[in-house]
Amino acid sequence: MTASGKIHGQWSSRLAFIIAASGSAIGLGNIWKFPYLLGENGGGAFVLVYLACVLGIGLPIMMAETLLGRRGRQNPINTMATLAGQAGASRIWRYAGWLGVLAGFLILSYYSVIAGWSMAYLFKMAGGFIDGASTETARQAFQELKDAPDRQLIWHTLFMGATVVIVSRGVSDGIEKVTRLMMPGLLLMLLLLDIHAVRTEGFAEGMSFLFKVDFDKLTGESLLIAMGQAFFSLGLGMGSIMVYGSYLPAHVSIARSSAIVAGLDTAVALLAGIAIFPVVFTHHLEPGMGPGLIFETLPLAFVQMPGGTLFGTVFFILAFFAAITSAIALIEPAVAWLSENAGLSRQRASAYAGSACWLLGVGTVLSFNRGSDLTLAGRNFFEFIDFLTADIMLPAGGLLVAIFAGWVMKREHSEEELEMGAWYCYWRPLIRYLAPAAVVIIFLHAMGLL
Ligand code: PFF
């Protein structure tokens, strides 16, 4: 029972939490976004800054978010309100919970569209579309998909439907079962693709692109992008980890579990880069293609290589698994809130949240075709939502979590919840000073104010 008297789900074990949280963290952010951001922001230096953001900002905030969730044991909005009450702080803090629920919701609206592209490609690849196809056919396929709102809508609907079905089955029956099945498969497929990449001609070039640091290529904006990506990839600042933490049994070590999840997430992002760039360079393709990297550039490589149909199919199954285990985490805070506060059954809560999110996703679908002229702050609808969430709302949400856990919550409470012994002395300055200062500095720098 929670403080509010409602029955709240619980993971069956520590491993179940680690798998589900890794499922949330490892997603299109690793397989699609990290590689294309890396391509656009010049490679090695971006990787280094990204790693620094994960270690110095992401990990301490992940621990803070999990601890707030476990202590509050409710959806993010109620958790923030209850914990603020306990700390004698204003209930305004519940808006930090709101910010998170809203960010998850906005992200899922476009995430489902891109995941839909992966499903479309999965079927294309498995159907042998690249067998004997020319590079021109492969290039056109992506353009055709982007130009066809109806086809994108069908895939978007299927993906959102699958997400709703899983989430409506609940924490241990739905989320836990699906992630337990898919995550090992995902890791296995990625390793297979990596083994292939090691044997390509472009391996050395790919590795040097990934790991050779050239700071001249870094700008203020790319620092912000790296930080936003760390939040996005770890799934922070939006209540997902908070709500997953709220299902965490007592006495599971938050520090150790968070470190494992952050480590796995980072490893998968790097392994995805290692699987993709050598193949891109082997076929003399352009790494800085933006969001089309895995849908446009990579299939051009698959067309030209032996076994392309097999590798292409495996790659898109991997992307689909990664996407769905993250999508359920994106929608869970809204579902938990609707079922705990609005008195809806889990099924209804999932269906309502999914439908509203689906509708918003139509905006993203149209931003690639009929609505591409419609711009906000110089960005189309998809780019705007992505910028608003990843570069503004997530760092802001993370900043609030850090301030709350570091300054508002009583020291005894965080110390008791984290149970990290002497290590607590390292976490505390990170969450009180380093993480908030870094978020603010990077943000002001990117805005040209510093
Ligand atoms: N971390 C996921 C990814 O890298 O694709 C995206 C995500 C999932 C973000 C869950 C936030 C979240 F709550």
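Residues numbered from 1 in each chain as written. Predicted model: local features only at pLDDT ≥ 70, side-chain atom pairs only at ≥ 80, totals over all residues. Heavy atoms only, no water.

(A) Molecular detail of the overall build of the protein chain. When helices and strands are tallied, the protein chain shows 18 helices and 2 strands. Computed over C-alpha atoms, the radius of gyration of the protein chain comes to 21 Å, within 12% of the 22 Å expected from 2.2 N^0.38 for 450 residues, which places it in the range of a compact globule. Along the longest, intermediate and shortest principal axes, the C-alpha atoms of the protein chain span 65 × 45 × 40 Å. Counting all 450 residues of the protein chain, 62% fall into the buried class. For the protein chain, the share of sequence-separated contacts (at least 6 apart) that also reach a separation of at least 24 residues comes to 82%. (Helix = DSSP H or I, 4+ residues; strand = E, 2+ residues; numbered from the N terminus. Rg over C-alpha atoms; globule rule 2.2 N^0.38 Å. Buried < 20%, exposed > 50% of the residue type's maximum accessible area, 1.4 Å probe, protein only. Contact = heavy atoms within 4.5 Å.)

(B) Quick peek at the site of the ligand. Around the ligand sit 14 residues in total, of which Ala25, Gly29, Tyr111, Phe232 and Ser240 are the nearest. In this structure, a nitrogen atom belonging to the ligand sits 3.0 Å away from a main-chain N or O atom of Ser24. Ala25 is positioned with one of its backbone polar atoms (N or O) 2.9 Å from a nitrogen atom of the ligand. Considering the ligand on its own, with 340 Å² of exposed area, one finds that the protein chains cover 100% of that surface. If you list the elements that add at least two residues to the shell around the ligand, you get α1 (14-25), α2 (28-40), α10 (220-234) and α14 (308-341). A per-element tally of the shell around the ligand places α2 first, with 3 residues. For the shell around the ligand, a count of residues per class yields 6 nonpolar, 8 polar and no charged. (Near = heavy atom within 4 Å. Polar contact = N/O pair within 3.5 Å; in protein donor to acceptor, adjacent residues only side chain to side chain. Areas by Shrake-Rupley, 256 points an atom, 1.4 Å probe, with all protein chains shown as cover. Nonpolar A, V, L, I, M, F, W, Y, C, P; charged D, E, K, R; others polar.)

(C) Layout of the confidence of the model for the protein chain. Here the protein chain shows a mean pLDDT of 90. Residues at 70 or above account for 98%. Here residues 1-7 is modelled with pLDDT under 50, and outside its nearest four sequence neighbours on either side it reaches 8 contacts, counting other chains as well. (pLDDT = per-residue confidence, 0-100.)

(D) Geometry of unusual backbone geometry. Non-glycine residue Arg73 carries a positive phi angle of around 55°. Despite not being glycine, Glu419 shows a phi value in the positive range, around 45°. Relative to the helices and strands, Glu419 resides in the loop between α17 (411-418) and α18 (424-446). For Glu419, a relative accessible area of 45% translates into the label partly exposed.

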